[in-house]
Amino acid sequence: MIAPVTDFYFAYGSNMGRSRLEERIGSVEPVGAACLEGFRLVFNKPSKDGSGKANLVSAQGSVAWGVVWRIGYDRWSALDPFEPGYQRIVLQARTRADAAVRVGVYLHPATGRDIPPFDWYIDHLIVGAREHALPQDWLDALILVRGRAHPTRPSET
């Protein structure tokens, strides 16, 4: 992992929702909805439970939406253990107000096809998207993924 050069974290997966992120690293401050230009959301990061986790891949002309959080330098070490296999890098996100902000983001080098995620996992993304009023077409796409997700395993309810 590289040391971040920013206090800002771009969440595009299950950490978009405040309660999920605060459960993991304590109090956070939302900056708001933002996007990364030139990236596309996929679910190709294999998880140890056999499901797919969210990932961003380079895709010219695409835009990936998420949430920017102000977390502070000291919080990255608390967040890293929840992102196994991902690499933390710094990119430039664009807020709804068209402001550029340097953000830390976790990306995985996976190159394979999408792996169906579990329904409970996609529910976290949907909650975060609604909480931060991400674009309706983004929310609609997440709901479509939810329709193709694996049902929750009884031990994970």
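Cut-offs applied
Within each chain, residue numbers correspond to sequence positions counted from 1 in written order. This being a predicted model, a pLDDT of at least 70 is required before a residue's local features are given, and a value of 80 or more before pairs of side-chain atoms are given or counted; all residues contribute to the totals for chains, interfaces and linings. Hydrogens are left out, water is left out, and the side-chain values use all remaining heavy atoms of the structure. Each helix is a run of H or I in the DSSP string that is no shorter than four residues. Each strand is a run of E no shorter than two, and both are numbered from the N terminus. Only protein chains enter the calculation, and the probe is 1.4 Å; a residue is then buried if its accessible area is under 20% of its type maximum, exposed if over 50%, and partly exposed in between. Any two residues whose heavy atoms approach within 4.5 Å are treated as being in contact. What sets the accessible areas is the Shrake-Rupley method with a 1.4 Å probe; for residues, cover comes only from the shown protein chains. Positive charges are assigned to Lys and Arg, negative charges to Asp and Glu, while His and the chain termini are left out of the count. Taken as the charge centre is NZ of Lys, CZ of Arg, CG of Asp or CD of Glu, depending on the residue. We define a polar contact as two N or O atoms separated by no more than 3.5 Å, with the added condition that, inside protein, one atom must be a possible hydrogen donor and the other a possible acceptor, whereas residues neighbouring each other in sequence contribute only through side-chain atom pairs. At least two bridges found by DSSP between two strands are what make those strands a pair.

Digging into the overall build of the protein
Right, so step 1: A count of helical and extended segments in the protein gives four helices and five strands.
Right, so step 2: What you see in the protein, going N to C, is helices and strands ordered as β-α-β-β-α-β-β-α-α.
Right, so step 3: A buried classification covers 52% of the 157 residues belonging to the protein.
Right, so step 4: In the protein, the share of contacts with a sequence separation of at least 24, taken over all contacts with a separation of at least 6, comes to 72%.
Right, so step 5: Total accessible area on the protein is roughly 7800 Å²; 52% of this is exposed by carbon and sulfur atoms.
Right, so step 6: Separation of charge centres in the protein, based on 18 positive and 17 negative side chains, amounts to 4 Å.

Some words on the side chain of His 108
Right, so step 1: Inspection of the secondary structure puts His 108 in the loop between β5 (100–107) and α3 (119–131).
Right, so step 2: Here the side chain of His 108 touches Ala 110 through a polar contact of 2.9 Å, landing on its backbone nitrogen.
Right, so step 3: The residues contacting His 108, other than those within four sequence positions of it, are Lys 45, Pro 46, Asn 55, Gly 85 and Tyr 86.

Some details on the pairing of strand β3 (residues 52–70)
Right, so step 1: Looking at chain direction, strand β1 (residues 8–11) and β3 are connected through four bridges and run antiparallel. By the bridge assignment for β3, Phe 10 is matched with Val 68.
Right, so step 2: Where strand β2 (residues 29–46) and β3 come together, 14 bridges link them in antiparallel fashion. What sits directly across from Glu 37, in β3, is Val 63.

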